[in-house]
Amino acid sequence: MKKIENYIAKNINEYNDLYNKSLSNPENFWSEIASTFSWRNKWTKTLEYDFNKPEFKWFLNGKLNITENCLDRHVQSNPNKTAILFEPNDPNQSAQKISYKELHRRVCVFANVLKSKSIKKGDRVCIYMPMVPELTVAVLACARIGAVHSVVFAGFSATALAARIKDSKCKVLLTADGSFRGSKVIDLKSIVDEALLDCNSITSTIVLKRIGSMIKMNINESWWHEEIKNVSDYCIAEEMDSEDMLFILYTSGSTGKPKGMVHSCGGYMVYSSYTFLNVFQYSPNDIYWCTADIGWITGHSYIVYGPLLSGATSVMFEGVPSYPDFSRFWNIVEKHKITHFYTAPTAIRALAKHPISLVESNDLSSLKVLGTVGEPINEEAWNWYDKNVGKSKCPIVDTWWQTETGGIMLSSLAGVTKDKPTYATKPMIGIQPVLMDKDGKEIIEYGKEGILAIKYPWPSIARTIYGNHERYKNVYFTAYPGYYFPGDGALTDSEGNFRITGRVDDVVIVSGHNLGTAPIEDAINLHKNVVESAVVGYPHEIKGNALRAFVILLNNDSNVDMAKEIKDLISKTIGPIAKPDIIQVVPGLPKTRSGKIMRRILRKIASGEKENFGDISTLLNPEIVDKIVKSS
Ligand code: WT7
């Protein structure tokens, strides 16, 4: 049997060959890739799909457990290799190296803890934890016994956490007494306490001691360190069907409710590992660091699953780029001789604002590959990254993908295919992106702008929205029947390189975080003095986009700091990341005759436009536009 290495492109010709093969016979191609993993039973059919239902099934009737592929395989071949290299928030605390053997042991132990809480295959487990190794242990322990993990980013508020727990009816909650974020300590447990007042599906909560603060333990709550004392470290992996659910991960959408994207075992395994190896060109002694949080898809696919499936050493960093100062990232690169560094454009832009000496005082010569993810990268940031971090010798992979796609869809392959500033460049092997024109027809020529769509299924496409297949169909499969619609605009250059131009729906990417404007408006409207609100994004130097809220108030009482009250309300309902930079009180909002807010005009006002609003004659209240401009 061939190894996965045989299918990793090592030069441009191999990329072209593999790409052509993956298009001319996708089923045969993915079947060969899948054969390089360890399965209990081979699949009987590679792919079954229907864009109209929509339904996607990969490696049908194949049986496996993803943790045997992440852990057991490597425990056999290379037990002492470091799987996780943990760098704590406090630089004076020592880093931890956790070998594949040790990670396997900890995962088995915690899997048994979950079993002791009556968690069985298919049960949902919510994980609300800081970026510490136990978070990875928790994720894999769920997968070991076939429980479905739903990781909620630990920056979300109690209300947001409760909404996610309730939506997927999680039975167990895994959390910590608190988390360290730079010089701050965040009291996670009291957020959890508040959330749980409103969730009756949770039967047990397990709390990791991270801070050591005095906290109150309620009924059905226990300490992680106590629980692991009582169980064995032997745990046979549950046999999963390829299409069984592996995890749910919430992402925001154009309406208030978050979407619980569902990923399944077989296809996600194959695609996350295959893309990791191809895009990053990881070799066995490399030290790979992705700075994302496991609360986002980037962390799922490219801190946990992709790297561990590939037997890599994956760095987990608990802290923030600014603590103790803005040289922290570069200190870590030098300290651990990082070879691969994968971060977000917003972090690059923020770091570029600080003295270059903070970068130059560190030895970055170990770096071989740089990456970016989450939002378009502007040329200036790309060049700064290339010159100062990569010393003009590291390829930069600009990886375009989404929570829904499970893995990287457009990117150069490091050192194999050409990179180009501001372009995500070429499709991943197996991916068929197209641009659509305004009539919903494919644009065949290069050098044009349109709406991005994907033509053929790939193994890690999200299978549904948890509990709402209709919404899944409406959001992703109705705009262009027979295609997947991601919600982004794009253009191509004369060589067919793709550049993402930004969202074409009511989602705004702020500092790399995907935020729907609708849930933020819902939060603002909770205030009893708010009549109506509209939130839009506008370009921001560091964050990429920032938010501006236009609000109509019932009473204009100058003694009340409405901007502060609204921001507090948003922090409480969603989380601090969703706070608008600007809150503007307005006498009215521009509306169409059917009563729809014309966001296009608000977006222009927010970007500083004062007069060129195009045709506003279709508005019910055209005079309001000038009033809003004058009041800003
Ligand atoms: C949206 C998905 C991909 C994991 C992190 C975000 C934007 C993502 C890029 C990129 C331009 C990008 C898109 C996409 N986006 N990567 N390299 N260039 N835009 O996942 O939270 O699901 O957000 O992020 O708009 O649709 P997500």
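The rules behind the values
Residues numbered from 1 in each chain as written. Predicted model: local features only at pLDDT ≥ 70, side-chain atom pairs only at ≥ 80, totals over all residues. Heavy atoms only, no water. Helix = DSSP H or I, 4+ residues; strand = E, 2+ residues; numbered from the N terminus. Rg over C-alpha atoms; globule rule 2.2 N^0.38 Å. Buried < 20%, exposed > 50% of the residue type's maximum accessible area, 1.4 Å probe, protein only. Contact = heavy atoms within 4.5 Å. Areas by Shrake-Rupley, 256 points an atom, 1.4 Å probe, with all protein chains shown as cover. Pairing = 2+ DSSP bridges. Axes fitted to C-alpha atoms, helices over the stretch in contact; angles between N-to-C directions. Salt bridge = Lys/Arg side-chain N within 4 Å of Asp/Glu carboxyl O. Parallel < 35°, antiparallel > 145°, perpendicular 65-115°, else oblique. Left-handed = near helix turned anticlockwise from the far one by under 90°. Nonpolar A, V, L, I, M, F, W, Y, C, P; charged D, E, K, R; others polar.

Asks: I'd love a proper account of the overall build of the chain, names of residues and values included.
Replies: A count of helices and strands for the chain gives 19 helices and 31 strands. Computed over the C-alpha atoms, the radius of gyration of the chain is 24 Å, within 12% of the 26 Å expected from 2.2 N^0.38 for a compact globule of 632 residues. Principal-axis analysis of the C-alpha atoms places the extent of the chain at approximately 70 × 60 × 55 Å. Counting all 632 residues of the chain, 60% fall into the buried class. The long-range share in the chain, meaning contacts at least 24 apart out of those at least 6 apart in sequence, stands at 71%. If you sum the accessible surface of the chain, you get close to 24,800 Å²; carbon and sulfur atoms cover 50% of it.

Asks: Run through the sheet that holds strand β30 (residues 544–553), naming residues and quoting values.
Replies: Here we have three strands laid out as an open sheet, ordered β29-β30-β31, and mixed in their pairing. Looking at strand neighbours, the two that pair on one side only are β29 (530–540) and β31 (582–585), the edges of this open sheet. Neighbouring strand axes in the sheet, compared pairwise and without regard to direction, differ in orientation by 20 degrees on average. Here β29 pairs with β30 via 10 bridges, running antiparallel. Residue pairing for β30: Glu532 is matched across the bridge by Ile552. Most of the contacts of helix α18 (residues 599–606) go to β29, to which it runs at about 55 degrees, and overall it touches β29 and β30.

Asks: Account for the pairing of strand β8 (residues 172–176), naming residues and giving values.
Replies: A large share of β8 lies buried, amounting to five of its five residues. Alternating residues of β8 divide into Val172, Leu174 and Ala176 and Leu173 and Thr175, and every residue in both groups is buried. The sheet contact formed by strand β6 (residues 124–127) and β8 spans three bridges and is parallel. Its bridge partner lying in β8, Ile127 is registered against Leu174.

Asks: Please give an account of the pattern of salt bridges that cites residues and values.
Replies: What the rule picks out here adds up to 36 salt bridges. As a salt-bridge pair, Arg349 and Glu375 come within 2.9 Å of each other at their nearest N and O atoms. A residue pair is termed long-range when its members are at least 10 positions apart, and Arg349 in helix α12 (residues 345–352) and Glu375 in the loop between β19 (369–373) and α14 (379–389) qualify at 26 residues. There is no split in this pair, since Arg349 and Glu375 are both buried. Across the pair Glu445 and Lys448 runs a salt bridge whose closest N-O atoms are separated by 3.2 Å. Beyond isolated ion pairs, a larger network of salt bridges with shared partners links Arg40, Glu68 and Glu239.

Asks: Explain the packing of helix α3 (residues 66–77) against helix α4 (residues 100–116) residue by residue, including any values.
Replies: Where α3 meets α4, the axes come as close as 9 Å, and the angle between the chain directions of the two elements is 135 degrees. Between α3 and α4, the interaxial angle falls into the category oblique. For the pair α3 and α4, the crossing hand works out as left-handed. Taken together, the residues of α4 that come into contact with α3 (itself represented by Cys70, Leu71, Asp72, His74 and Val75) are Tyr100, Lys101, Leu103, His104 and Val107. Classifying every residue of the contact of α3 with α4 by side-chain character gives six nonpolar, two polar and two charged.

Asks: Lay out the sheet that holds β6 with the relevant residues and their values.
Replies: Taken together, the eight strands give an open sheet; going across it, the order is β12-β11-β8-β6-β7-β14-β15-β24, and neighbouring strands pair in mixed fashion. A single partner strand is all that each edge strand has here, and the edge strands are β12 (221–223) and β24 (464–465). With four bridges connecting them, β6 and strand β7 (residues 148–151) associate as parallel partners. Considered in β7, the bridge of Arg124 is made with Val148. Most of the contacts of helix α5 (residues 133–145) go to β6, to which it runs at about 175 degrees, and overall it touches β6, β7, β8, β11 (204–208) and β14 (245–251).

Functional significance is not addressed by these values, which are geometric in nature.
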